[in-house]
Amino acid sequence: MTLGTGVGGGIVAEGKLLHGVAGAAGELGHITVDFDQPVPCTCGKKGCLETVASATGIVNLTRRYADEYAGEAELKKLIDNGEDVTAKTVFDLAKEGDELALIVYRNFSRYLGIACANIGSILNPSTIVIGGGVSAAGPFLLEGIQKVYDENTFPQVRTSTKLALATLGNDAGVIGAASLVLQ
């Protein structure tokens, strides 16, 4: 799963990339997860994972919760002042304990953790790998997702399907494309 400006994904089974009947296998960004305040996705649906777990989605969540938040958080000040806020800003402030950033982080983790739990329950892969620019938040990112994942999976999946951060960085796309050519 890749968390960047959107949410991308691929499903590899027995060493082969699954394509699906219409080429849409692995469109993880369009799993519906937001039933609270679903917003339209570029695909035409509402509440897609991409709208709440991509870099853009995290900024949108920040605006949503900033409108409801009445405290003195630094993130709230940035939003109210019209400053550019990125997913990195949100995660950096959450790591520092900023109250609004933690609200965004917990909800992002809830949405992505539930999506991962559903993927785990349906496919039971050995690993769900999370990469892309958003994954640069590192272990902190994984902690929140893991907690929700553990709460929403049954024992066989929880103990056999692991969550991990990608390690290939910006080379992942090139390596993936090369592997497709070799097949």
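Reading the values: the criteria
- Residues numbered from 1 in each chain as written.
- Predicted model: local features only at pLDDT ≥ 70, side-chain atom pairs only at ≥ 80, totals over all residues.
- Heavy atoms only, no water.
- UniProt positions renumbered as here; feature names shortened; annotations may be inferred.
- Helix = DSSP H or I, 4+ residues; strand = E, 2+ residues; numbered from the N terminus.
- Polar contact = N/O pair within 3.5 Å; in protein donor to acceptor, adjacent residues only side chain to side chain.
- Expected span 1.5 Å × (residues − 1).
- Buried < 20%, exposed > 50% of the residue type's maximum accessible area, 1.4 Å probe, protein only.
- Core = buried A, V, L, I, M, F, W, Y, C linked by side-chain atoms within 4.5 Å.
- Contact = heavy atoms within 4.5 Å.
- Disulfide = S-S within 2.5 Å.

As recorded by an unreviewed UniProt entry, the protein carries the name Glucokinase and is attributed to Streptococcus gordonii. Within the UniProt record for the protein, the comment given under Sequence similarities (unreviewed entry) is "Belongs to the ROK (NagC/XylR) family."

In this fold, Asn107 is placed in helix H5 (residues 99-123). Polar side-chain contacts of Asn107 include one of 2.8 Å to the backbone oxygen of Ile103.

Attention shifts here to H5. Counted at 1.5 Å a residue, the expected span for H5 with its 25 residues is 36 Å, and the 36 Å between its end C-alpha atoms agrees. By the N-cap criterion, in which a side-chain oxygen at the helix start approaches the backbone nitrogen of a residue two or three places on, H5 is capped by Asp98, the distance to Leu100 being 3.3 Å.

Once that is clear, we can look at the environment of Thr167. Mapped onto the fold, Thr167 is located in the loop between strand E6 (162-165) and helix H8 (172-182). When its relative accessible area of 75% is taken as the criterion, Thr167 is described as exposed. As a C-alpha pair, Thr167 and Ile130 span 37 residues in sequence and 9.3 Å in three-dimensional space.

Our focus in this paragraph is the nonpolar core. Counting 45 residues, the largest nonpolar core has Phe91, Phe108, Leu112 and Cys116 as its most contacted members. Within the residue set of this core, elements represented by two or more residues are helix H1 (50-53), helix H2 (55-68), helix H3 (74-80), helix H4 (87-95), H5, strand E5 (127-130) and helix H6 (139-151). Looking at which element gives the most residues to this core, the answer is H5, with 11 residues. The contacts of Cys116, once residues within four sequence positions are left out, are Met1, Ile128, Ile130, Ile145, Tyr149 and Leu163.

Moving on: the state of the cysteines. Covalent bonding between the sulfur atoms of two cysteines is what defines a disulfide. Overall, the coordinates contain zero disulfides when judged by the stated rule. In this structure Cys43 is a free cysteine whose sulfur lies 3.7 Å from that of Cys48, the closest cysteine sulfur available. The cysteine Cys116 is free of any disulfide, with Cys48 supplying the nearest cysteine sulfur at 16 Å. Cys116 gets classed as buried once you look at its relative accessible area, which sits at 0%.

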